[in-house]
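Per-entry structural report
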Amino acid sequence: ITDPETAEACAIRHALWLAKEEGFHNVIVASDCLYVIQKLNSTGQDRSKIGCLVEDVKKFGVEFISVSFIHVSRCSNVAAHTLARCSELSVCNVYHNETPDCIHEMLLSDAQ
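**So, the overall build of the protein chain**
- Broken down by element type, the protein chain carries 5 helices and 2 strands.
- Each helix and strand of the protein chain, placed in order from N terminus to C terminus, yields the pattern α-β-α-α-β-α-α.
- Here the protein chain, with 112 residues, has 29% of them falling under the buried criterion.
- Restricting to contacts in the protein chain with at least 6 residues of sequence separation, those with at least 24 account for 66%.
- Accessible surface, the protein chain: about 7,800 Å² in total, of which carbon and sulfur atoms supply 55%.

Structure (structure tokens):
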């Protein structure tokens, strides 16, 4: 994958698959890629180069009770980027009912 929009759409599709596998019913997907979020929230048919991925994500989204796609600013997404960097170094990067150490303090400071 050579462009960020395709990578983001693939990551969102994979995230929905993981959410379904884990038994989640209500999902909010937050991304700093406005282009992809706008396409996912569009009601029209997407004829862009990521159109097939967008349609896959939309079709998969209907399997949930609710799914929302929201845009967040890049600076708001620091925890996600930090977690992604830490996950590259980790043997096991799936966390169940716990906050990874690499972002724990960051999330606590955001909550205040």
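Additional details are given in the paragraphs that follow.
**Comments concerning the packing of aromatic side chains**
- If you walk through the whole model with that rule in mind, you get 1 aromatic pair.
- The residue whose ring lies beneath Lys20 is Phe64, and the NZ or CZ to ring-centre distance is 5.3 Å.

**Side note on the side chain of Asp46**
- Following the sequence through the fold, Asp46 ends up in the loop between helix H2 (34–41) and helix H3 (51–61).
- A polar atom in the side chain of Asp46 sits 3.4 Å from the side chain of Lys39.
- Side-chain polar atoms of Asp46 contact the backbone nitrogen of Ser48, separated by 2.7 Å.
- Contacts of Asp46, omitting those with residues within four sequence positions, involve Lys39, Gly51, Val54 and Glu55.

**Remarks on the nonpolar core**
- Membership of the largest hydrophobic core comes to 17 residues, with the highest contact counts inside it found for Ile12, Leu16, Val36, Leu40 and Phe69.
- Of all the elements in the fold, those that place two or more residues in this core are helix H1 (4–21), strand E1 (26–31), H2 and H3.
- Those residues in contact with Leu40, other than ones at most four positions away along the chain, are Ile12, Val54, Val57, Lys58 and Phe69.

**Observations regarding H1**
- Helix length check: H1, at 18 residues, gives a terminal C-alpha distance of 25 Å against a target of 26 Å (1.5 Å per residue), a fit within 8%.
- Its buried side turned inward, H1 meets E1, H2, H3 and strand E2 (66–71).
- Once H1 ends, the next one or two residues include Gly23, with phi positive near 85 degrees.

**With respect to the pattern of salt bridges**
- Counted under the stated rule, the structure contains 3 salt bridges.
- For Lys49, the salt bridge is made with Asp3, and the minimal N-O distance between the two is 3.9 Å. Highlighted residues: Lys49 in the loop between H2 and H3 and Asp3 in the segment before H1, separated in sequence by 46 residues.
- On the basis of relative accessible area, Lys49 is assigned to the exposed category, the value being 68%.
- We note a salt bridge from Lys39 to Asp46, for which the minimum N-O separation is 3.4 Å. Summarising the burial analysis for this pair, Lys39 and Asp46 share the class buried.

Calculation criteria
- Residues numbered from 1 in each chain as written.
- Predicted model: local features only at pLDDT ≥ 70, side-chain atom pairs only at ≥ 80, totals over all residues.
- Heavy atoms only, no water.
- Helix = DSSP H or I, 4+ residues; strand = E, 2+ residues; numbered from the N terminus.
- Buried < 20%, exposed > 50% of the residue type's maximum accessible area, 1.4 Å probe, protein only.
- Contact = heavy atoms within 4.5 Å.
- Areas by Shrake-Rupley, 256 points an atom, 1.4 Å probe, with all protein chains shown as cover.
- Phe/Tyr/Trp six-rings, centres within 6.5 Å; stacked < 30°, edge-to-face > 60°.
- Lys NZ or Arg CZ within 6 Å of the ring centre and 35° of its normal.
- Polar contact = N/O pair within 3.5 Å; in protein donor to acceptor, adjacent residues only side chain to side chain.
- Core = buried A, V, L, I, M, F, W, Y, C linked by side-chain atoms within 4.5 Å.
- Expected span 1.5 Å × (residues − 1).
- Salt bridge = Lys/Arg side-chain N within 4 Å of Asp/Glu carboxyl O.

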